[in-house]
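If you want the building blocks of each chain, they are given just below.
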Protein chains: 2
Amino acid sequence: MLTADRERLVSLMTEQAEFGGTDAGGLHRLALTEEDRAAREWFRERLEEAGLDIRVDAVGNMFGRRDGTDANAPPVLLGSHLDSQPYGGRFDGPLGVLGALELVHVLEEEDIETTHPVEVVNWTNEEGARFQPPMMASGVWAGKYDIADVYAATDDDGVTVEEALEAIGYKGTEPAEPGEEYEAYLELHIEQGPKLERHGKDVGVVTGIVGLTWTETTFYGQPNHTGPTPMHLRQDALVAAGELITQVPRTANKLSDTTRGTVGAIEYDSEAISIVPDEVRVVWEFVDYDDDLVEEGYQRTLEEIDQIARREDVDTESAEITRFDSVAFDDRCIRAVEEAADGLGYDSMRMHAGAGHDPMNVAEVCDTGMVFAVSEDGLSHTEAEYTSWEDCYAAVNTLINAGYELAK
Amino acid sequence: MLTADRERLVSLMTEQAEFGGTDAGGLHRLALTEEDRAAREWFRERLEEAGLDIRVDAVGNMFGRRDGTDANAPPVLLGSHLDSQPYGGRFDGPLGVLGALELVHVLEEEDIETTHPVEVVNWTNEEGARFQPPMMASGVWAGKYDIADVYAATDDDGVTVEEALEAIGYKGTEPAEPGEEYEAYLELHIEQGPKLERHGKDVGVVTGIVGLTWTETTFYGQPNHTGPTPMHLRQDALVAAGELITQVPRTANKLSDTTRGTVGAIEYDSEAISIVPDEVRVVWEFVDYDDDLVEEGYQRTLEEIDQIARREDVDTESAEITRFDSVAFDDRCIRAVEEAADGLGYDSMRMHAGAGHDPMNVAEVCDTGMVFAVSEDGLSHTEAEYTSWEDCYAAVNTLINAGYELAK
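Residues numbered from 1 in each chain as written. Chains lettered and ligands numbered in written order. Predicted model: local features only at pLDDT ≥ 70, side-chain atom pairs only at ≥ 80, totals over all residues.

Lay out the relation of the copies chain B and chain A with the relevant residues and their values.
Taken as rigid bodies, chain B and chain A are interconverted by a rotation of 180° and an axial shift of 0.0 Å, the fit giving an RMSD of 0.1 Å. On the angle and the small slide along the axis, the relation comes out as a two-fold axis. Of the C-alpha atoms belonging to chain B, the one lying closest to the rotation axis is found on G242 of chain B, 2.1 Å away. Taken as a fraction of all interface residues of chain B, those also at the interface in chain A reach 100%, which identifies the copy contact as same-surface. (Least-squares fit on C-alpha atoms with pLDDT ≥ 70 in both. Contact = placed C-beta atoms within 7 Å.)

For the confidence of the model for chain A, give the residues involved together with the corresponding values.
Overall, the prediction assigns chain A a mean pLDDT of 96, with 100% of residues at 70 or greater. Taken over the whole predicted complex, pTM reads 0.81, whereas the ipTM for its chain interfaces reads 0.80. (pLDDT = per-residue confidence, 0-100.)

Which residues make up helix α2 (residues 34–49) of chain B, and what values do they have?
Residues and elements named next belong to chain B. An ideal rise of 1.5 Å per residue puts 22 Å on 16 residues; α2 measures up with 23 Å between its terminal C-alpha atoms. Listed as buried for α2 are E35, D36, A39, R40 and F43. The arc that holds the buried residues of α2, viewed along the axis, is 130°, so those residues lie on one side. Turned more than 90 degrees away from the buried face of α2, the exposed residues are E45, E48 and E49. In the segment just after α2, G51 is the residue with positive phi, at about 75°. (Helix = DSSP H or I, 4+ residues; strand = E, 2+ residues; numbered from the N terminus. Expected span 1.5 Å × (residues − 1). Buried ≥ 20, exposed ≤ 12 C-beta atoms within 10 Å, placed from the backbone. Arc of directions from axis to C-beta.)

Describe the interface of chain B and chain A, listing the residues and the values that go with them.
The interface is formed by 53 residues belonging to chain B together with 53 residues belonging to chain A. Of all the secondary-structure elements, those providing two or more residues to the side of chain B that touches chain A are β7 (211–220), α8 (237–255), β8 (260–267) and β9 (279–288) of chain B. The element contributing the most residues to the side of chain B that touches chain A is α8 of chain B, with nine residues. Per-class residue counts for the side of chain B that touches chain A are 28 nonpolar, 20 polar and five charged. (Nonpolar A, V, L, I, M, F, W, Y, C, P; charged D, E, K, R; others polar.)

Any chance you could break down the pairing of strand β8 (residues 260–267) of chain A for me, citing the residues and the numbers?
All names here are of chain A. The element β8 is largely enclosed, with a buried count of seven among its eight residues. Two strands pair when backbone bridges link them, and β8 and strand β9 (residues 279–288) are joined in this way by seven bridges, in the antiparallel orientation. Looking at the pairing, I266 lines up with V282 of β9. (Pairing = 2+ DSSP bridges.)

Which residues make up the domain arrangement of chain A, and what are the values?
For an interface, size is often stated in terms of accessible area lost upon the parts coming together. Residues and elements named next belong to chain A. Domain annotation of chain A identifies domain 1 (6–210 + 326–407) and domain 2 (211–324). Taking only C-alpha atoms into account, the centre of domain 1 sits 35 Å from that of domain 2. Contact with domain 1, which involves eight residues of that partner, is made by eight residues of domain 2. By residue class, the composition of the side of domain 1 that touches domain 2 is three nonpolar, five polar and no charged. (Domains from an automatic or database assignment.)

Kindly report on helix α10 (residues 331–343) of chain B, identifying the contributing residues and their values.
All names here are of chain B. Taking 1.5 Å per residue, 13 residues should reach 18 Å; α10 reaches 18 Å between its end C-alpha atoms and fits that length. Listed in full, the buried residues belonging to α10 are C333, I334, A336, V337, E338, A340 and A341. On its buried side, α10 packs onto β5 (184–190), β6 (203–209), β12 (348–353), β13 (368–373) and α12 (389–407). Backbone geometry just downstream of α10 places G345 in the positive-phi region, at approximately 80°.

Below is the structure:
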């Protein structure tokens, strides 16, 4: 079995965390910002150092390629993303990118040739924190999104994706599309949940990705002065929102032990305290690997909203803004990951990913699989996110052996 | 009995509504803005036209004085405010200011002299929408607030009250204090509640003003990715806030049929949907004429917050930001208003005010009373606020006769 250079891995993971690094040990590296540019420049040097042919496509995806022995064999792609949440952790994304690079280093050092080319990729804007939607650039690459729409997406300051790509010099010249057949895609990512840790496992063999719905609901009440307005005459949009906020998790708990229901955003603009709230917007989410349970959560909540509106005497409007169906990975990729873990003597478990990842898009192009690394306390999207070097090492070893198996 | 000139009243009320008037027929006339300045200039001309001696004090309060026959008799003050909520109605404030001016006009036309001087006042920033606290300038005048503190208060753009007063030319030269003894203060205001309309009354005889508490509570949860984080491991600050939002009105309903409980503000800043909310701030209010019930609502809600925090496994912090005790008006003012209504043949009822008003502050200086005009559907602090000219007229007649009674 191949083994990663642990010292190099730790050193590269430490170096990358300096670009947008926060005092609390996390990352503030929103897509296409100055911090992202600096991380990309550093990563480009690392690709050059590894002797790879580099290309940047029209949405900023960065590829580094090591040729195979068969000029006609389709490449095996491995990677993840270097951008972060506004205050995210240092493992979410970079570990998968540098893990992929490690395969190239090990192949070079061991003087191993592969039939298939091996490519390393850094996908642009996986997080979707500055620009919506998330997984935007792998989506363009896979043909799910139109590049014109993605270019036109704006951040809170009205800057478009296209302007931001140009500003940091990463609107590349290559078309944002596969351009050729791909043999397979593998991505290593931190789990972002507590399952591996709770089961005492070393690595996760990911069998697929959950589906989800996001729906925006607005309640319209009657603004009025709070002091003189009797309780029974009120039409309070915030009370209606409060009922929805507490109901969504109850609905999730009722559906199954795997369904997650969350109200993740609320907006009520008022300059005054003493006015009965008149317009409150919330966004609620249901997530499950079983698409039927996502749909059931969605339907039950729409019914619940009608009941709340009648009860609180308010008007309401709902619109689904995002729906992803779940994705089942391909058996050969799942097996490649599982057998790599077994061969290395790691204790692994099969599981699905509880959140969206670029592999959801790449799976439209070629066979796809994922490796999960342990997330301590299940934390992610916070500066407190943590994966021990031991767990990073195990996951990278699993990734490079699975990748080699598919490429050899 | 004196009777107002209905045509003049309607014409002045219509004219004032042009300064900051909105398409929906309301007012956008925040304190010390350009719109407020324009309304003040117009009002200053109206005071001049009525032959009054004008003075503007250091916090922008505008006074117009008609002398009495006894040089030593303390003045009777009548008035209200010309500023509005961000999107308020055209009656809340101006009706009381122009009703007060009507007394002067009628005395002039009928050639009536009074023993006591009669003064008309426009208080600065009653609403507290742009600058906190509300009733700021009557508070300085009555000695409740320090003028240096009030000058230093800022709006959302960091502009101070002092800068805003200077910018519109209304930082007056008179000290912001009574300067002499006052005989009494009367204010006409719209009810801002549905009681008069529901009881089929013409005017309200206000016996006092409710007390209230505002408390700011913040819930601190654990940010985490929603998809992979099991429901039972979450520490969701928004779910905790949702429980409080729905509990506060229940607590109010349980305390009495007069207690009002509201969550009037909520703040959760997140750029992402798929993160378990980690920090949510709400402001909740209890209002009642019985100060013990306000205190009971406050205490029960603090206990409830502790229970919510334990249940949802979040941290919490609460701080009371405002507390007003209720105010009981003076019998002679209450009787003056009631007898004026009776004498005019209006059907009146005694009631207390359900919201804060400048008389809360003025009551610290002299005997104080209020007249309420009918609020259609009880609406206020909204552009849809409405009082018919018939009801305006009845309330103004009541005000000027009560004022004359106290001044003659």
